[in-house]
Structures are given as structure tokens and as C-alpha cells.
Amino acid sequence: MIAIGSDHGGYLLKEEIKKHLKEKEITFKDFGCDSEEACDYPVYGKAVAEAVAKGTYEKGILICGTGIGISISANKIKGIRAALCNDCFSAEATREHNDANILCLGGRVIGTGLALKIVDIFFETEFSKEERHKRRIEMIEK
Ligand code: RB5
């Protein structure tokens, strides 16, 4: 089960991603926002990050205009590795190397087609479990 959230700058892309997840029969919970009306990205960034950190949701997706503010917010929560990926290479690498547990996207930066491809790659790529990557992730938490 995936936790998904956005601010107004990411709302439209979030709706496209939700359609895509439904088509792929991937279950999710939307933590808001619910329209394009201006709102504050830390509210949604932290709500999704806390749900993932608790273990209630396996992974998350967060979207704001750039993907930057919402990723900074999510990364304040212990245990969260939120990765802003606006390209396919980064999406694959952050799963393999960082075991990223939240994908962040910039709704005003990339188009829907690329975003959906990034989502697929992020959720299909496993963590490599290599010692050096495990060690580095442990170093982040200390
Ligand atoms: C909202 O205007 C915008 O600042 C927000 O979506 C995001 O890009 C912040 O990092």
C-alpha cells in the first residue's frame, strides 16, 4: 500500500498518477490536498512521511510544484529517504543505492508521460542490498 500526497502545485499530476496506480491495481491512500487551491506543502509532506516511517505504508509519493519543498519536508522525518527524481536514471539509482522510500516529483517540472515512467521504475526497482549501500544508509540515520 502506497501513501500519496501533494500540494496545489502537484495536484494535477497526482490525479494522473492515481489513475495510473488504479490501472495497475496498486492500492494507495491519498493524504491530500484535494484541489488546486493554494495550500502548504509541509502539511502533506510530513503526513505522508510519518505514515511511511510508522510502517503503515510501504512507500510514498509526494508532489509539489518543483518537488523540492515537499522532499525537504519529508526528509525531516526519521527513517525517511525521500528522493526527488525528475528522470528515470535517478529513480532507478535511488532505489538501488539509497533504498529511497518516498518518490518526490515536480508537477511543474515534468510531463505526465515521464512522471508515470519514473513511478513505474521506482516501484519496480529493488534495493541492491550491497554492503556499501547498507553502510551509507546506516550512516545517514546516526
Ligand atoms: C507553490 O507555489 C510552490 O512553492 C510549491 O509547490 C513547491 O514548488 C515548493 O517547493
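What counts, and at which threshold
- Residues numbered from 1 in each chain as written.
- Predicted model: local features only at pLDDT ≥ 70, side-chain atom pairs only at ≥ 80, totals over all residues.
- Heavy atoms only, no water.
- Helix = DSSP H or I, 4+ residues; strand = E, 2+ residues; numbered from the N terminus.
- Rg over C-alpha atoms; globule rule 2.2 N^0.38 Å.
- Buried < 20%, exposed > 50% of the residue type's maximum accessible area, 1.4 Å probe, protein only.
- Contact = heavy atoms within 4.5 Å.
- Areas by Shrake-Rupley, 256 points an atom, 1.4 Å probe, with all protein chains shown as cover.
- Phe/Tyr/Trp six-rings, centres within 6.5 Å; stacked < 30°, edge-to-face > 60°.
- Near = heavy atom within 4 Å.
- Polar contact = N/O pair within 3.5 Å; in protein donor to acceptor, adjacent residues only side chain to side chain.
- Nonpolar A, V, L, I, M, F, W, Y, C, P; charged D, E, K, R; others polar.
- Core = buried A, V, L, I, M, F, W, Y, C linked by side-chain atoms within 4.5 Å.
- Lys, Arg positive; Asp, Glu negative; His and termini not counted.
- Salt bridge = Lys/Arg side-chain N within 4 Å of Asp/Glu carboxyl O.
- Expected span 1.5 Å × (residues − 1).

Caption draft 1: A look at the overall build of the chain. What the chain contains, in helices and strands, is six helices and five strands. Listing the helices and strands of the chain from first to last along the sequence gives β-α-β-α-β-α-β-α-β-α-α. For 142 residues, the compact-globule estimate of 2.2 N^0.38 gives 14 Å, and the C-alpha radius of gyration of the chain, at 14 Å, lies within 12% of that figure. Each principal axis of the C-alpha distribution contributes one length, and for the chain these read about 45 × 25 × 25 Å. For the chain, with 142 residues in total, the buried portion stands at 48%. Summarising the internal contacts of the chain: among those between residues at least 6 apart in sequence, 67% fall at separations of at least 24. Approximately 7,400 Å² of the chain is accessible, and the part contributed by carbon and sulfur atoms is 50%.

Caption draft 2: Region of the structure containing the packing of aromatic side chains. Under the definition given, this model contains two aromatic pairs. Relative to Tyr57, the ring of Phe31 lies with its centre 5.6 Å away and its plane at 80°, an arrangement referred to as edge-to-face. Placement of the pair is Phe31 in the loop between strand 2 (28–30) and helix 2 (41–54) and Tyr57 in the loop between helix 2 and strand 3 (59–64), with a sequence separation of 26 residues. Accessibility expressed as a relative area gives 11% for Tyr57, which makes it buried. Residues Phe122 and Phe123 carry aromatic rings whose centres are separated by 5.2 Å and whose planes lie at 75° to one another, so their mutual orientation is edge-to-face. In this structure Phe122 comes out as buried when scored by relative accessible area, which is 0%. Phe123 gets classed as partly exposed once you look at its relative accessible area, which sits at 22%.

Caption draft 3: Inspection of the site of the ligand at higher detail. Around the ligand, a shell composed of Asp7, His8, Tyr41, Cys64, Gly65, Thr66, Gly69 and Arg108 is seen. Within the side chain of Arg108, a nitrogen or oxygen atom sits 3.3 Å from an oxygen atom of the ligand. Burial of the ligand by the protein chains amounts to 70% of its free accessible area of 300 Å². A class-by-class count of the residues in the shell around the ligand yields two nonpolar, four polar and two charged.

Caption draft 4: Structural context of the nonpolar core. In this structure, Ile17, Leu21, Ile61, Leu103, Leu105, Ile118 and Val119 are the most contacted members of the largest nonpolar core, which totals 21 residues. Considering every element that reaches this core, the biggest residue donor is helix 5 (residues 112–124), with six residues. The next biggest cluster of nonpolar side chains, apart from the first, holds 19 residues, and it includes Tyr57, Leu62, Ala82 and Cys104.

Caption draft 5: Structural detail: the side chain of Asp7. Locating Asp7 in the fold gives a position in the loop between strand 1 (2–6) and helix 1 (11–23). Nearest to the buried, unbridged Asp7 among oppositely charged side chains is Arg108, at 6.2 Å. A distance of 2.8 Å separates a polar side-chain atom of Asp7 from the backbone nitrogen of Gly9. With near-sequence residues (within four places) excluded, Asp7 lies in contact with Cys33, Cys39, Tyr41, Tyr44, Ile63, Cys64, Gly65 and Ile70.

Caption draft 6: Molecular detail of helix 1. The end-to-end C-alpha distance of helix 1 is 19 Å, a good match for the 18 Å that 13 residues give at a rise of 1.5 Å each. Three or more residues of helix 1 are buried, namely Tyr11, Leu13, Lys14, Ile17, Lys18, His20 and Leu21. Of the residues one or two after helix 1, Glu25 is the one with positive phi, at around 55°.

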